[in-house]
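Per-entry structural report
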Amino acid sequence: LAYLVYGAGPDALPELVHALPGLAPAEQACVRRLLAVRYARLAGDPPLPWYAWSWRGTAARAALAGLDLTAPPSGDADAGC
């Protein structure tokens, strides 16, 4: 499942997050771990100044806002995915 998170860019985040409920629980957990590793910084960034704002960035942040992106404590995030 790593290819879903690392192969698609931030523009795909809203659709990826929307599809999470359709995955099996183990796959959901895997995708959430991978999202936490790749996008934790984006999820925690403060709002951008007006001149750096973009609709796609706002949509990506909104999609991540509803997820509990707790990064794995250690090791390879791809392990078991």
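Note that the structure is predicted; figures quoted are calculated from it, not measured.

The rules behind each value
Residues numbered from 1 in each chain as written. Predicted model: local features only at pLDDT ≥ 70, side-chain atom pairs only at ≥ 80, totals over all residues. Heavy atoms only, no water. Helix = DSSP H or I, 4+ residues; strand = E, 2+ residues; numbered from the N terminus. Buried < 20%, exposed > 50% of the residue type's maximum accessible area, 1.4 Å probe, protein only. Contact = heavy atoms within 4.5 Å. Areas by Shrake-Rupley, 256 points an atom, 1.4 Å probe, with all protein chains shown as cover. pLDDT = per-residue confidence, 0-100. Salt bridge = Lys/Arg side-chain N within 4 Å of Asp/Glu carboxyl O. Core = buried A, V, L, I, M, F, W, Y, C linked by side-chain atoms within 4.5 Å.

What the chain contains, in helices and strands, is four helices and zero strands. Start at the N end of the chain and walk to the C end: the helices and strands fall as α-α-α-α. Taking all 81 residues of the chain together, the buried fraction comes to 27%. In the chain, the proportion of contacts linking residues at least 24 apart, taken out of those at least 6 apart, comes to 77%. In the structure as shown, the chain presents an accessible area of about 5200 Å², 61% of it carried by carbon and sulfur atoms.

Our next topic: the confidence of the model for the chain. When pLDDT is averaged along the chain, the result is 79, and 79% of the positions lie at 70 or above. Within the chain, the element-level pLDDT minimum falls on helix H3 (residues 25–44), averaging 83, and the maximum on helix H2 (residues 13–19), averaging 91.

This part covers the pattern of salt bridges. Using the criterion set out here, one finds one salt bridge in the structure. In this structure, Asp-11 and Arg-56 form a salt bridge, with 3.7 Å as the shortest nitrogen-oxygen distance. One end of the pair, Asp-11, is in the loop between helix H1 (2–7) and H2; the other, Arg-56, is in helix H4 (residues 55–65), with 45 residues separating them in the sequence.

For the rest of this paragraph, the subject is the nonpolar core. Counting residues in hydrophobic clusters, the biggest one holds 18 residues, and the most contacted among them are Val-5, Leu-13, Leu-35, Tyr-39, Leu-64 and Leu-67. With seven residues, the single largest contributor to this core is H3. Here Val-5 is in contact with Leu-16, Val-31, Leu-34, Leu-35, Arg-38 and Tyr-39, once residues within four sequence places are set aside.

Let us now look at the environment of Ala-12. Looking at where Ala-12 falls in the secondary structure, it is placed in the loop between H1 and H2. Note: C-alpha distance between Ala-12 and Ala-63 (51 residues apart in sequence) is 9.9 Å.

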